[in-house]
Structure formats: C-alpha cells, structure tokens
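Overview (structure and organization)
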Protein chains: 2
Amino acid sequence: MSVTLKDVAQAARVSVSTASRALTGTGLTSERTQQRLLLIARELGYRPNPIARGLKTGQSRLVALLVHNLTNASFQVMAEVVQARLKALGYQMLLCIGGDDPQQESDTLTTLVDHRIDGLIVVPTGKNGAQLKALAKDIPIVCLVRRDDATDLETVLADDPQGAYLGTRHLIELGHKRIGLIVGRQDTTSGRERLSGYVRALREAGIARDDTLIHAGHYVPETGVTCCRKLLDLPRPPSAIFVANHEATLGVLRVTAERNITIPDDLSLLCYEDMPWFEWHRPAISIVDNGARDLANLAVDRLLHRMDAKGNGNDGVREYRVGARLIKRDSCRHFDATAPAKSGKSKSSSSKSSAAKSAKV
Amino acid sequence: MSVTLKDVAQAARVSVSTASRALTGTGLTSERTQQRLLLIARELGYRPNPIARGLKTGQSRLVALLVHNLTNASFQVMAEVVQARLKALGYQMLLCIGGDDPQQESDTLTTLVDHRIDGLIVVPTGKNGAQLKALAKDIPIVCLVRRDDATDLETVLADDPQGAYLGTRHLIELGHKRIGLIVGRQDTTSGRERLSGYVRALREAGIARDDTLIHAGHYVPETGVTCCRKLLDLPRPPSAIFVANHEATLGVLRVTAERNITIPDDLSLLCYEDMPWFEWHRPAISIVDNGARDLANLAVDRLLHRMDAKGNGNDGVREYRVGARLIKRDSCRHFDATAPAKSGKSKSSSSKSSAAKSAKV
DNA sequence: CGATACACTGCAAACGATTGCAGAAACGCT
DNA sequence: AGCGTTTCTGCAATCGTTTGCAGTGTATCG
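Residues numbered from 1 in each chain as written. Chains lettered and ligands numbered in written order. Predicted model: local features only at pLDDT ≥ 70, side-chain atom pairs only at ≥ 80, totals over all residues. Heavy atoms only, no water.

Applying the stated rule across the entire model yields one cavity of 30 Å³ or more. There is about 120 Å³ of room inside the largest cavity. Contributing to the lining of the largest cavity are Pro50, Ile51, Ser60, Leu62 and His115 of chain A together with Pro50, Ile51, Ser60, Leu62 and His115 of chain B. Of all the secondary-structure elements, those providing two or more residues to the lining of the largest cavity are α4 (50–57) of chain A together with α4 (50–57) of chain B. Among the residues making up the lining of the largest cavity, the classes are represented as six nonpolar, four polar and no charged. (1 Å grid on protein atoms, 1.4 Å probe; cavity = no way out; pocket = protein on both sides within 12 Å on 5 of 7 lines; lining within 4 Å. Points joined across faces, edges and corners; volume = space filled by probe spheres on them. Helix = DSSP H or I, 4+ residues; strand = E, 2+ residues; numbered from the N terminus. Nonpolar A, V, L, I, M, F, W, Y, C, P; charged D, E, K, R; others polar.)

Written out as structure tokens, the structure is:
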C-alpha cells in the first residue's frame, strides 16, 4: 500500500538497516549514501510509519491535551496554542474532552497510555490523583489551570489570587465600596483563590468584608442568575459586581438586562476570563485576563522540557504562576456615592441619540 | 514496563497465540481456556498494545476530526459529539485544527495518514481535492458541512438553502418587506446556498430582490460591522436583518448598540447558527439552527458505516442534508409599516440608551 | 609492507501483537 | 483397534522499524 523502508532500501541496493540509519541521520553512514538515500526516499515518497517506529522505540509522537470542554473560551485558545506548538515540533495533538467528570477522565487516561502518548497536558478534575501519579512515572505530565492536590505534579496555574486582587482593587479605585462577588465553588482551587484575592484587596483598602456580598456557585450560567438576583435584592445592593465565575457572566448579564439596569451607569461589571464577544458587546466588558495563551505556552514549554530530559526534568519547581492582567473596557465606571441607588431612575441621558451616532462611527 | 500478551500467556502456561485468540475472542479456543485467560488477563491488568496491534492489522483505532477552528460554536458541539460517539465505540478521536488554510490542511492530512487513522471526518477547505481523493482510496472519509467539489466524497451538509429560506420566510411573515442579508463569501457553498434560500423566499412572497440589501463578506465580526452600517445608512434601511454569516453577528450587535437601535423594536434581527450566549442575551436572539448536533451524529454514522463496510460502503448516496430549523426567541418582531423608520426616535424604554453613551464608538 | 584503526555496511533480533498452517488431543464411528 | 473428524493448541512468520554486533573495505601508521 504505501512505500516502506524496504522499498527504499531495495531501490538503493542497500540493506534496510543502512536505509534506516541514513534517513534518521544517526551519522553512522557515509555522506554519499545518505544523500543518495534521502533523494531516493523523496522520489519514492517514502514516509516512515510511526506505528512501526513506535513499536520499536516506545514513542508515538502523540501528545494529549485533556480539558473539560470546548465551550470555555480559555480551553479553546489553549487547544489552539498547544496544537500549533506541537505540530511545529512534529507531534500530533490528541485533544480529549473529559467533561470535568472523574470517571470519564480516568477512562480517557487509560486509553491515552494505551496509545503510548509521549506526553500529557491535563486539566485535572482532582479526583484521579492516584492514577495520575502512577502515570507520571511512565510519561511526562503537566497539569494545567487546576492542581491535583493528591499529586506533586508540575502545575501551570493562573495567578488567581492576584487576578482577583487586581480586579477588586480596580473597582475600589473607582470608588466602589460595596462590591458583589460571584465566585466558583469553594471546593475548587480557583474558587478559593479568587475569593482570597478579593478579600485581600478589601482588607488593604480598609473595607470590611460583608459576607452577604459574596456568593459562590457552580460554573454554569444559572449561578449568575441566582447570585445576581440575591445581590440586587439586598437592602443595600452593591454598586459593582465582580463575576469571578466566568460561566456565570451570562446569567448576570441577563438579569441586569431584565431589570433594566444599565451598565456601567447603574452598576459596574467586571468579569474573569475573556470571551471573544466581550469586546464586541456594548458596553464592552472589562475583564481580568487569566492569560490563557501564556498558560498554554508555558505548559507546552514545561512538557517539552520534561520530554527532553528523559526521566527527570525536575527543576525543583513544582508550580508556575502566570500573571493575570486587567483589561479595562467599558463596563466599569467611577462610583458616585451621591447618586441614587439602582432604583428605577429614568434616563435623562438620551442626549447621545442615534442621530449623532449614525455619523460614521 | 507494562503487561504484555506474553506475560499473560506465561502465567496461564499457554502459547501467545492461544492467549491472543482467547482474548480477542475469535472462537477458536475452548470455552474453558478462554475463561481462564480472561481471568488471568484481568488479574494481571493486561491491556493490549494498540501500537503493536496496529502494526499487524493496519488499524489504529484512531479517527480524526479536522475542523477549521474551535471558536465556532458549531465546531465545538460537533467535536464534543464526535468524541463522545467514538469513545463509546473504543476509538480515540484525533481533533485537528486546520484554520481553513489549505497548506495546513494538507500537512495535517499527511500526518494523519502517517498515523494510519481508521477514518476521517473533515470540513474541507476545498483546495485539497486531489489529496483527499487519493486518501479516500485508503481510508473512509466523510466530509462535513462543506463540500469539496473536486471530489465525490460522501458529504453531510446542513440544508442551508432551506435554512435561509425558513428564516427569510419567518421575517416576511412578520410583515417585513425590506430584509437586509449579511451572508458569507460567495465562493463558499454555504454563502451561495444561503443567498439562494433568501432569494427564493422573497420570490415566493412576491417581493422584488433588492441588491442593495444584500451584502457578503468574510466570516469575521468586522464583516458584520461594515455590512450593517451599509444597510443602516441606506436611504430606506431594512426593517429586519438576517445575519446568515454567523461570525458577523457580533459586529451587527455592536453597530446596533452603538446607534441606539433597539432590537426588536427598531430592527428585527435573525441569525444563523446558535451560540451558547444567544439565549442569555437580552433580547434573546432568534436563530436558524443548522443542526450541528445532528450533522455530527450523521457524519459519525456514515463514517462508521463505511468503516464497517470495509472498502465499499457506497450506498449510492453522495450527499446528506440535515434539516435546519427556526428557533424563535425575542429578537424578531412584527413589523408595523406605519411606525417611523429608524430615524431619531427617542426610546420609551430608555433601557439601553446609556450603553451607547460611552462615546467610544 | 604488514598491522591496526576506522568508517561503513549488513545480518538478525528485537518491539507486541495477529494469523496460516500443521500437529495433538479428543471423540465418534465401524 | 483403527480411522476419520472435529476441536483445540503451538510454531513460526509477519507487520515496518530500530539497533547491537560482526564483518568488510579502506586509510593510516609504524
């Protein structure tokens, strides 16, 4: 069916071994024959069979990336980055979707080692520590975004404490004192860390922590709906909301739209993690960027390092933090303490009516 | 390192061949030994090595899905569907991102055949017909969403003519007569087909086609911006816009927000293809659903069929169409011909006004 | 000029499975 | 008991590479 090494060898009237050595460039063959074989191989359109090679060498040139889903914009860019990087190095990426489900993660993991992947970047659920630990003995593994506490795997993390701190401080600097926080479940690292960053910023600013302003929930839009309602229904509702549970953003947006709350006039909104449409939305939504691109790149770097190091790529470091940064757009504004709360106020502002607008933009 | 067939055979005091036959269940071994081997294999934690097996059988248990990107929501759900289906059948999905770039597509394709994938579902760029055709001789291929005209590959397509027709008709039924269309490049199948569906609906309703209402462009948000502006700046702007180039939706939304145009009061908006946030958006955006989920499922079905059929799974059918359907949400409304156009009308609802304020523009 | 090193090359055994072929065991039948 | 079937098992080749080892030829040196 396809051209094998034998074919090349025959055409060149040498043995398979010589052909192999010439083509893989082990340097054990004369310059002349090497060139000749290279040429013949090209003419014949020879492509080495990774399966056969893999059988012998134990390597597959396959690197897996295991993420929870593809809906999350961060995972999308990570996948794209990883794929691009790996391809450039001659690896194929095996992208797997684990659905944040331990069982599925475990299954996938076994399939992957069956296929003798050369390396793995995984966003762990945290429930398969033992398995991961065992795997790590055989293949290089790097954890991404989440840590699996049951292991001591090298992990590339977003700097969530800092990101949350940055975001909260930004809001404080704008004059907000009552800042609602919608954050992820407290049994996840990111959930805890983001809360801590928020708390630290508050403390630094001398603002007392008010637990009625803090809501945690699952990473789904519905969380945004319920939490946002709770916040707005408070006797003294917040003047700003920091949605540090990115999936919840949709829910928050909906509730504010339903209640005719104008962002950022009536309420400032700051979100965690970017989505492609955030900058197209009006008002464009300010965010704390967790640096998905950097995270992915670093993860690949670390993985490659380990793969090269053949066994011990331990540089002592167990955990890398990728800095978060604030991207200011239009959804946060200075808080004027004298203005009325968010009760039904009618807009005087229609000033900028469409006439002016339609100019050119 | 890991348990091989030989280990199992030794433990059971039989030959490797017997072990192999027992475990693969070829029925050529006695019930008793088979059970015994199954047991021992389980105890030892034996997992067959797909690489070794692949070398002998020429199969890899790998099926590739090649899409343009992961940003597109349709591709996301397709990837998830394909992954789920394949995994259930013991295949691993190789998800590849081709970026709609012929060169990259071609490279990826070669890598994939190198890895002896058992099957391929591809969204073709349309520029590598020859290569695809050649590949199709060796492995089962199904095209998805786009057709490659240079081949006669089995193709699973969305019913774009029908979808566009449905959408347009919906708007017409709501009383709209001037319907703007923002559609994809006319050198893509989908671009052409959606335009044709739009035209048909118009003709059926006895509405003259007005080419100033029709704009085509690349699949990027910017297209939405420019096309939308052109439409709104028309002497007689449309009362509804059908965005049949899904990437352009963001741009359209931005322009309308900037110009203080309230949807659906001032302008009805209908989009093609769903995005997760469409139903959370206020107003929730009505769409024509191209049935990404169904498309993916059908593609998998067809591929599996071909893979089973070993060579000729040709059922004569070359092309499958998956019906589109209309999902009515809140972005389209009845058009009242008596109301003023979209000139400077001040908002009664006032809700959105300030959003556009941010002067930015 | 003979010995010794060196640079290449080829043979053959792996890697871990599958599979055609032939031998062994078990059985039924005359 | 002898023979033919049938049923199971094992040997060994094979898939396409890589790689240790031994062999060949040529250059180098004393």
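Picking up after the structure, the text goes on.
On to the state of the cysteines. All names here are of chain A. Summed over the entire model, instances satisfying the criterion amount to zero disulfides over all chains. For the unlinked cysteine Cys143, the closest cysteine sulfur is that of Cys96, found at 15 Å. This cysteine, Cys227, is not joined by any disulfide, and Cys228 carries the nearest cysteine sulfur, 8.6 Å off. (Disulfide = S-S within 2.5 Å.)

Turning to the sheet that holds strand β4 (residues 141–144) of chain A, a few remarks are in order. Residues and elements named next belong to chain A. Read across the sheet, six strands follow the order β2-β1-β3-β4-β5-β11 without closing on themselves; strand pairing throughout is parallel. Of all the strands in the sheet, the pair left with one neighbour each is β2 (92–97) and β11 (319–322). Taking the axes of each pair of neighbouring strands and ignoring which way they run, one obtains an average angle of 20° across the sheet. Relative to β2, strand β1 (residues 62–67) runs parallel, the two sharing six bridges. Paired with Val67 across the strands is Ile97, a residue of β2. (Pairing = 2+ DSSP bridges. Axes fitted to C-alpha atoms, helices over the stretch in contact; angles between N-to-C directions.)

Attention shifts here to the pattern of salt bridges. Oppositely charged side chains may form a pair once their charged atoms are brought near each other. Residues and elements named next belong to chain A. Here the structure, examined in full by the defined rule, presents 45 salt bridges over all chains. Note that Arg146 and Asp100 form a salt bridge whose closest N and O atoms lie 3.0 Å from each other. Within this pair, whereas Arg146 is found in the loop between β4 and β5 (155–158), its partner Asp100 is found in the loop between β2 and α6 (102–114), the two being separated by 46 residues in sequence. Residue Arg259 is joined to Asp233 by a salt bridge in which the shortest nitrogen-to-oxygen separation is 2.8 Å. Of this pair, Arg259 sits in the loop between α11 (249–258) and β9 (268–272) while Asp233 sits in the loop between α10 (221–232) and β8 (240–243), and the two are 26 residues apart along the sequence. (Salt bridge = Lys/Arg side-chain N within 4 Å of Asp/Glu carboxyl O.)

The positions UniProt marks with the feature "domain: HTH lacI-type" (unreviewed entry) are residues 3–57 of chain A. In the segment residues 3–57 of chain A, helix accounts for 71% and strand for 0%; the C-alpha atoms at its two ends are 20 Å apart. (UniProt positions renumbered as here; feature names shortened; annotations may be inferred.)

Let us look at the protein's contact with DNA strand C. Near DNA strand C lie 25 residues; those nearest to it are Thr18 and Arg21 of chain A together with Leu5, Ser20 and Arg53 of chain B. Backbone atoms, meaning sugar plus phosphate, form 59% of the atoms of DNA strand C positioned within 4 Å of the protein. With respect to DNA strand C, the side chain of Lys56 of chain B contributes an N or O atom lying 3.3 Å from a base oxygen. Elements that contribute at least two residues to the surface near DNA strand C include exactly α2 (16–24) and α4 of chain A together with α2 (16–24) and α4 of chain B. Residue contributions to the surface near DNA strand C peak at five residues, all from α4 of chain B. In terms of residue class, the surface near DNA strand C is built from eight nonpolar, 12 polar and five charged. (Near = heavy atom within 4 Å. Polar contact = N/O pair within 3.5 Å; in protein donor to acceptor, adjacent residues only side chain to side chain.)

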